Amino acid sequence: MRILVVEDEEELRDVLAKQLKEHGYSVDSCADGQEAEDYLEASEYDIVILDILLPKRSGIQVLEWIRKRGISVQVLMLSALDSVGDKVAGLDAGADDYMTKPFAFEELLARIRLLTRKKAGNRTNVYQALDLVMDVTRRRVYRSGKEITLSNREFALLEYMIANPDAVLTRSQIEQHILDYSYEGSSNMVDVYIRYLRKKIDEDHEKKLIRTVRGHGYMLCTDG
Ligand code: CA
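Now for a look at the structure at hand. (Residues numbered from 1 in each chain as written. Predicted model: local features only at pLDDT ≥ 70, side-chain atom pairs only at ≥ 80, totals over all residues. Heavy atoms only, no water.)

## A closer look at the pairing of strand β6 (residues 126-129)
Of the two faces of β6, only one is covered, namely that formed by Tyr127 and Ala129; the face formed by Val126 and Gln128 stays uncovered. Bridge analysis of β6 against strand β7 (residues 132-135) gives four bridges, and the strand direction is antiparallel. Of the residues in β7, the one forming a bridge with Ala129 is Leu132. (Buried < 20%, exposed > 50% of the residue type's maximum accessible area, 1.4 Å probe, protein only. Helix = DSSP H or I, 4+ residues; strand = E, 2+ residues; numbered from the N terminus. Pairing = 2+ DSSP bridges.)

Okay, structure coming up:
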């Protein structure tokens, strides 16, 4: 899952980006509303954590721009503005959630998981495809009851695919959702990580979860 952090307070921005990365998210960050729009235009994000009082363009202006453009991203407002009126204004402008500062990082993580599963139409943080079970809260994956150990990037890849089941995902889509701008690796990294993941989750099983859709990309199948 790829997250954009928009926060003008440098220390908070750095801590947020660092901690989210440690929890396996791909993270980009920026310090003002104009930059936020540039990032959102250039890449596909799953979630944007958006401050309200920002230089150049306010969080509310950015939010309105996102909704007007029809950009599909979950917006979590994170602001020191804690009056009922501010929250109502944020939610009415199209925010998916609103958190006030100061906040507990654990709660932010829980809300990120909530937004992710809502988008996927899942009611819990446990995803299932055939006999594969992925518990995102506990960061565990099982196939036929047997636990599988995944690297952070393999986990991110599987999480993105299982949250978009039975849909063809292009290499570019996959790349955008599991990498951030700091990634400097080979251009065929998606194929490489798909290969790693297949080896771990599909190799010893008759029914394959990951399918190659020739000329398009990959798909995680839930119907065997
Ligand atoms: Ca601010």
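## Focus: the sheet that holds strand β9 (residues 146-148)
Ordered by their spatial adjacency, four strands build an open sheet running β6-β7-β8-β9, and the pairing between neighbours is antiparallel. Lying at the two open borders of the sheet, with one neighbouring strand each, are β6 and β9. The average angle at which neighbouring strand axes cross in this sheet is 25°, direction not considered. (Axes fitted to C-alpha atoms, helices over the stretch in contact; angles between N-to-C directions.)

## Concerning the coordination of the calcium ion
Only Asp8 (OD), Asp51 (OD) and Leu53 (O) from the protein coordinate the calcium ion, and they sit 2.2 to 2.4 Å from it. Here the donor residues of the calcium ion are spaced in sequence according to D-x42-D-x1-L. One end of the pair, Asp8, is in the loop between β1 (2-6) and α1 (10-22); the other, Leu53, is in the loop between β3 (47-50) and α3 (59-69), with 45 residues separating them in the sequence. (Donors = N, O, S within 2.8 Å, 3.2 Å for Na, K, Ca; no water.)

## Things to note about unusual backbone geometry
The peptide bond linking Lys101 to Pro102 adopts the cis configuration, its omega dihedral lying at -5°. Mapping Pro102 onto the fold places it in the loop between β5 (97-100) and α5 (105-120). In the Ramachandran plot, Lys56 falls in the positive-phi region, its phi being about 70° despite a non-glycine side chain. Looking at the element boundaries, Lys56 is found in the loop between β3 and α3. Taking the relative accessible area as the measure of exposure, Lys56 reaches 68% and is therefore exposed.

## Re the sheet that holds strand β12 (residues 217-220)
Spatial ordering of the open sheet is given by β10-β12-β11, a layout of three strands whose pairing is antiparallel. Every interior strand has two partners, whereas the edge strands, β10 (169-170) and β11 (210-213), have only one. Of the strand pairs in this sheet, β11 and β12 are connected by four bridges, and their pairing is antiparallel. What sits directly across from Ile210, in β12, is Leu220. Each of β10, β11 and β12 touches helix α6 (residues 152-162); the most contacted strand, β12, lies at about 75° to it. Seen against the sheet, helix α8 (residues 189-201) touches β11 and β12 and runs at an angle of roughly 145° to β11. (Contact = heavy atoms within 4.5 Å.)

## Observations regarding a negative patch on the surface
A surface patch of like charges, here negative, comprises Asp8, Glu9, Glu10, Glu11 and Asp14. Along the polypeptide, Glu11 turns up in helix α1. (Patch = residues over 30% accessible without salt bridge, like charges linked within 9 Å, V, L, I, M, F, W, Y side chains within 5 Å. Areas by Shrake-Rupley, 256 points an atom, 1.4 Å probe, with all protein chains shown as cover. Salt bridge = Lys/Arg side-chain N within 4 Å of Asp/Glu carboxyl O. Lys, Arg positive; Asp, Glu negative; His and termini not counted. Charge placed at Lys NZ, Arg CZ, Asp CG, Glu CD.)

## Structural notes on the layout of surface pockets
Volume-wise, the largest pocket comes out at about 290 Å³. The residue inventory of the lining of the largest pocket, partitioned by class, reads eleven nonpolar, six polar and three charged. Looking at which domains feed residues into the lining of the largest pocket, each of domain 1 (2-120) and domain 2 (126-220) gives three or more. (1 Å grid on protein atoms, 1.4 Å probe; cavity = no way out; pocket = protein on both sides within 12 Å on 5 of 7 lines; lining within 4 Å. Points joined across faces, edges and corners; volume = space filled by probe spheres on them. Nonpolar A, V, L, I, M, F, W, Y, C, P; charged D, E, K, R; others polar. Domains from an automatic or database assignment.)

## What to know about α5
A rise of 1.5 Å per residue sets the reference length of α5, with its 16 residues, at 22 Å; its end C-alpha atoms lie 23 Å apart and thus fit the reference within 8%. Restricting attention to buried positions, one finds in α5 the residues Phe105, Leu108, Leu109, Ile112, Arg113, Leu115, Thr116 and Arg117. Directly after α5, the chain includes Gly121, whose backbone phi takes a positive value near 75°. (Expected span 1.5 Å × (residues − 1).)

## Overview of the packing of aromatic side chains
Tallied over the full model, the rule gives one aromatic pair. Both rings, one in Tyr193 and one in Tyr196, keep their centres 5.4 Å apart while their planes meet at 90°; by these two values the pair is edge-to-face. Of this pair, Tyr193 and Tyr196 both sit in helix α8, three residues apart, which is roughly one turn of that helix. Relative accessible area serves as the criterion here: at 17%, Tyr193 is assigned to the buried category. Given the relative accessible area of 40%, Tyr196 is considered partly exposed. (Phe/Tyr/Trp six-rings, centres within 6.5 Å; stacked < 30°, edge-to-face > 60°.)

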